[in-house]
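# A look at the structure
The lines below spell out each chain.
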Amino acid sequence: MVSHSVWIVGTSRSGKTARLVEQFCSWVQPEKQYTESFYTKKAGRRKGVQIPEFLDLKQTEPGVLVLAANDDNRRELGDIIVTSTLGKYPVRAKTPLGFFQDEVILFWPLLINLLNLKAQFPVRLRPETEQELATKLWRPQLDEEILRIAGVNESRLVRRILDLLQLAAYSGTHCEDIAQILTRGLRDNTTNLEPEFLASLLLDWRNWCLERGLLTYGIITELYSQDLLSDRNYQQHLNKRYQVVLADDIDDYPSVARLLFELLLDQGAVGAFSYNPDGAVRLGLGADPTYLEGLAERCRVEILTGPPPESLGEQAKQMVELVTEPMVLLSLPEIVHSIQTTSRAQLLRQTAEVIANAIQSRQVEPEQVAIIAPGLDAIARYTLVEILVKQNIQVESLNDQRPLVSSPVIRALLTMLALVYPGLGRLVDRDAVAEMLVVLSRKQQAPENSSLLTPNSTLLIQHSSFSTDIDPVRAGLLADYCFVPHPDRPNLLPVSTFERWDRIGYAATTAYSEILQWLEEQRSQQELRLIPSPISLLDRAIQRFLWNGSNLPYEQLAALRELLETAQHYWEIDTRLRQIAPVETTPHTTIIEFIQLLRRGTITANSYPVRPIGGARKAVTLATIFQYRSSRRSHRWHFWLDAGSPLWAKGGAATLFGAPFFLRDRLGEPWTAEDEKLAEEQRLRRILADLLSRVSERVYLCHSDLAVNGQEQLGPLLPLVNACVTHSVI
């Protein structure tokens, strides 16, 4: 029997997604098989095209499941399909985990009957809340001896144990079988904790969450793969809802996705899948490309040959050979340059200068340049951004994962909470008060050259169009003389308390008085219980001091959205826990724990929307290898930062603890040094092939002899640096 499903294989930017959409259009729009003009209505039949006779999609019911590797790709793929079909066929575009989550919540009543759960609506735990609750649950068992054996601190150990549950769920493994797999995989390693102990912690955590209706990604995936997919009622509903499945970049999917695809194909659905042998970006983070590749046996395989002609993909084979066989005497083409310095500080400055000179001389546009590094520390990020911004060149940090509390605006709002609610005085100090005064007294000013402002010039707005009525010096004086610390009721006194308050100035005095008056009003309303929750207070402060009718930069808007979404989620979880098991605590314990959670440097989940609305920003892209490959972007010029770093073989992303044990083709097998070496060689080959397919004109290998810690850099790309043309910096 000829399969109507299609398996599309190709390297990066070889047209896999376009072929996927083309195949879908040929299925759902058979009228397109007639070469018919919309205006003349003259038709001619095209031959040799087979249409599945069983495919009968209704334009009023969603019968198409579209999956993409991440959320950005999901939106883009959904837009392309809607545009190609003129919006006639409703499609449901999701990531695999997003689809699992929606299905678990939709069929939660069925799961209640199957697992005898308490009838309550489920609430998904965000990663930051998941770790905090797991730490509280396990703290009695994670004593100092356990932490000594593990060799890591408490927070890292908790994260590592939670990752095991997630990896097991992605591989389709029961939570009860984790101990058995870890026992086989760690049998030669005596420095780790007992697998039975880890499994017991995870079982306690899973049961604790299900009793309270709390869902994590790991629990969601396990419920879907182990309970829903095997239920006949759910299978019938799934068969009625979806007749077509499209999956792009399937090499980044967890292995349980294959169970879903095989079930749909068994029930008569038709599928189109794209696979990139040079992809596997999320290998080590839950993806299982080898197991997913087995799905090709059920499909008609199409191979898209070669990289696009406008890329440097043809150079990949030669560069990989030079890396794997350093003794081979090969020279790289002139399109590959190098920037070499002794120290990393010199490297960062020279790299930024080369980019600035090229952009100012019109050799390349800012949006056509990408800086890619195996790991971006705060010093490198700050240095590159500051040098380029001073040259009026914007920089876009791709998916910048920074702690929420790193934003001064967020720190100021947290200090404001501690000044309004009683019992939070120990969370406030003079420096925090001074910073709050500076941030809350900001005013927007029109820039000197308003013609420079464009809809995308957010960095220009951020750096030039805001001033503050209370500068840091005056804020320090006010905090020193007018702030009264108190464990229960910290207070700000009137400006006249300072003997030389005339030195503060009219603008600063007026701004301080307005802030003081607003704080007093909020305290009185809080005592009268007129403030529903701290979330309402945060919103009031944002509206009064930060928003104030101004056009805030996107970065600050994203930080404020993250704060409000995180706070709303935190109090939602707190309400659920208090409903199930009321605890006797002080009224503002939750606020204290929330502030401490953020001040610990927690990286919160991304807010929605996760990118600016409108056209692409004219900015240089700054990203790690993992972030850049995940975004599927391409540029004319690439700058590979820290080319001599050993982290290039790691792919720029940490592999989760125990990830190799849960790959389906080697489930539970020990991970040896030889396996690690082979994995790094394969990962490096994929990285080089993928990145070279995403650059069209020039590559700069940026190398410093010494790393940021002063050690000599002897990474796997060093043969490339030595073999390419050295770029002379003027």
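The paragraphs below set out a description of the structure included in this document. Everything numeric in this text was worked out from a predicted model, so none of it was measured. (Residues numbered from 1 in each chain as written. Predicted model: local features only at pLDDT ≥ 70, side-chain atom pairs only at ≥ 80, totals over all residues. Heavy atoms only, no water.)

### Looking at the overall build of the protein
If you tally the helices and strands in the protein, you get 27 helices and 19 strands. Scored against the burial criterion, the 730 residues of the protein give a buried share of 52%. Residue pairs at least 24 apart in sequence account for 80% of intrachain contacts in the protein once pairs closer than 6 positions are excluded. Working note: accessible area of the protein is about 34,100 Å², and carbon and sulfur atoms make up 51% of it. (Helix = DSSP H or I, 4+ residues; strand = E, 2+ residues; numbered from the N terminus. Buried < 20%, exposed > 50% of the residue type's maximum accessible area, 1.4 Å probe, protein only. Contact = heavy atoms within 4.5 Å. Areas by Shrake-Rupley, 256 points an atom, 1.4 Å probe, with all protein chains shown as cover.)

### Let's talk about the environment of threonine 590
Mapped onto the fold, threonine 590 is located in helix H24 (residues 589-599). For threonine 590 and tryptophan 571, which are 19 residues apart along the polypeptide, the C-alpha to C-alpha distance reads 7.9 Å. Ignoring sequence-local partners within four residues, the contact set of threonine 590 consists of Tyr570, Trp571, Asp574 and Arg578.

### Regarding the side chain of aspartate 642
Tracing the sequence through the fold places aspartate 642 in the loop between strand E17 (635-640) and helix H26 (673-693). Accessibility expressed as a relative area gives 6% for aspartate 642, which makes it buried. A polar contact of 2.9 Å, which involves the side chain of aspartate 642, links it to the side chain of arginine 344. In contact with aspartate 642, other than residues within four places in its own chain, are Arg344, Leu347, Pro374, Gly375, Trp648, Cys702 and Gln713. (Polar contact = N/O pair within 3.5 Å; in protein donor to acceptor, adjacent residues only side chain to side chain.)

### A short note on helix H8 (residues 178-185)
All of the buried residues along H8 are Ile178, Ala179, Ile181, Leu182 and Gly185. All buried residues of H8 project into a common sector of 165° when viewed along the axis, lining one side. The elements touched by buried residues of H8 are helix H7 (154-170) and helix H9 (195-211). (Arc of directions from axis to C-beta.)

### Points about the packing of aromatic side chains
Two aromatic rings are characterised by how far apart their centres lie and by the angle between their planes. Scanning all chains against the criterion turns up 21 aromatic pairs. Considering the side-chain rings of tryptophan 637 and phenylalanine 639, the 6.4 Å spacing of their centres and the 50° angle between planes classify their relative orientation as tilted. Residue tryptophan 637 shares its accessibility class with phenylalanine 639, and that shared class is buried. Grouping aromatic residues by their ring pairs yields a cluster made of Phe99, Phe100, Phe107, Tyr224, Tyr234 and Tyr242. When the ring centre of phenylalanine 657 is taken as origin, the NZ or CZ atom of arginine 160, which lies over that ring, is 4.8 Å away. Between the NZ or CZ atom of arginine 258 and the centre of the ring of tyrosine 291, over which it lies, the distance is 4.5 Å. (Phe/Tyr/Trp six-rings, centres within 6.5 Å; stacked < 30°, edge-to-face > 60°. Lys NZ or Arg CZ within 6 Å of the ring centre and 35° of its normal.)

### So, the side chain of threonine 621
Among the secondary structure elements, threonine 621 is positioned in strand E16 (residues 619-624). For threonine 621, the side chain forms a polar contact with the side chain of histidine 635, separated by 3.3 Å. Contact partners of threonine 621, with chain neighbours within four places excluded, come to Val369, Ala370, Ile371, Glu396, Leu398, Arg633 and His635.

### Quick word on the environment of serine 225
Inspection of the secondary structure assignment puts serine 225 in helix H10 (residues 217-228). According to the relative accessible area criterion, serine 225 is buried, its value standing at 10%. A C-alpha to C-alpha distance of 8.6 Å links serine 225 and phenylalanine 100, two positions 125 residues apart in sequence. When residues no more than four places from it in sequence are discounted, the contact partners of serine 225 are Ala169, Gly172 and Val256. Polar contacts involving the side chain of serine 225 include one to the main-chain carbonyl oxygen of threonine 221, which spans 2.9 Å.

### Some details on the packing of helix H17 (residues 408-420) against helix H21 (residues 506-527)
The interhelical angle for the contact between H17 and H21, taken along N-to-C directions, is 55°, at an axis separation of 9 Å. Relative to H21, H17 is oriented oblique. Of the two possible hands of crossing, H17 and H21 adopt the one that is right-handed. Residues Met416, Leu419 and Val420 of H17 touch H21, and the partners they reach there are Trp518, Leu519, Gln522, Arg523 and Gln526. Partitioning the contact of H17 with H21 into residue classes produces five nonpolar, two polar and one charged. (Axes fitted to C-alpha atoms, helices over the stretch in contact; angles between N-to-C directions. Parallel < 35°, antiparallel > 145°, perpendicular 65-115°, else oblique. Left-handed = near helix turned anticlockwise from the far one by under 90°. Nonpolar A, V, L, I, M, F, W, Y, C, P; charged D, E, K, R; others polar.)

### Quick look at the sheet that holds strand E8 (residues 300-304)
Sheet architecture is open: six strands sit in the order E3-E2-E6-E7-E1-E8, paired in parallel fashion. At either end of the open sheet lies a strand with only one pairing partner, and these are strand E3 (91-94) and E8. Between one strand axis and the next, the sheet turns through 15° on average, direction left out of account. Direction of pairing for strand E1 (residues 6-10) relative to E8: parallel, over a ladder of five bridges. Residue pairing in the sheet places isoleucine 8 in a bridge with glutamate 302 of E8. The strands touched by helix H12 (residues 256-266) within the sheet are strand E2 (64-67), strand E6 (244-247) and strand E7 (270-275), with E7 carrying the most contacts at an inclination of about 150°. (Pairing = 2+ DSSP bridges.)

### Notes on the pairing of E6
The side chains of a regular strand alternate between the sheet's two faces. What you see with E6 is no split at all: Val244 and Leu246 on one side and Val245 and Ala247 on the other are buried throughout. Across four bridges, E2 lies against E6 in parallel orientation. Residue pairing in the sheet places valine 66 in a bridge with leucine 246 of E6. Here E6 runs beside E7; their pairing, made up of four bridges, is parallel. Residue pairing across strands places leucine 246 opposite alanine 272, the latter belonging to E7.

### Some remarks on unusual backbone geometry
With the exception of glycine, the majority of residues adopt a negative phi angle, and the majority of peptide bonds are in the trans configuration. The backbone phi angle of alanine 280 is positive, close to 55°, even though this residue is not glycine. Residue position: alanine 280 is located in the loop between E7 and helix H13 (289-293). We note that aspartate 642 has phi near 55°; this positive angle belongs to a residue other than glycine.

### Some points on the environment of leucine 260
Its location among the elements puts leucine 260 in helix H12. We classify leucine 260 as buried; its relative accessible area is 1%.

### Topic: the pairing of E16
By the criterion of burial, E16 is predominantly enclosed, with six of the six residues buried. The pairing of strand E10 (residues 369-373) with E16 spans four bridges and is classified as parallel. In the sheet register, isoleucine 371 faces E16, and the bridge partner there is leucine 622. Of the pairings in the sheet, the one linking strand E11 (residues 394-397) to E16 comprises four bridges and is parallel in character. Residue pairing across strands places serine 397 opposite leucine 622, the latter belonging to E16.

### Thoughts on the packing of H21 against helix H22 (residues 534-547)
At a minimum axis distance of 12 Å, the contact between H21 and H22 shows a crossing angle of 155°. Classed by the angle they form, the pair H21 and H22 counts as roughly antiparallel. Helix-helix and strand crossings are classified by hand; for H21 and H22 the assignment is right-handed. Across the interface between the two elements, Glu514, Ile515, Trp518, Gln522 and Gln525 of H21 pack against Leu537, Arg540, Ala541, Arg544 and Phe545 of H22. A class-by-class count of the residues in the contact of H21 with H22 yields five nonpolar, two polar and three charged.

### Quick word on helix H18 (residues 430-440)
Of all 11 residues in H18, eight are buried; the element is thus mostly enclosed. All buried positions along H18 are accounted for by Ala432, Val433, Ala434, Met436, Leu437, Val438, Val439 and Leu440.

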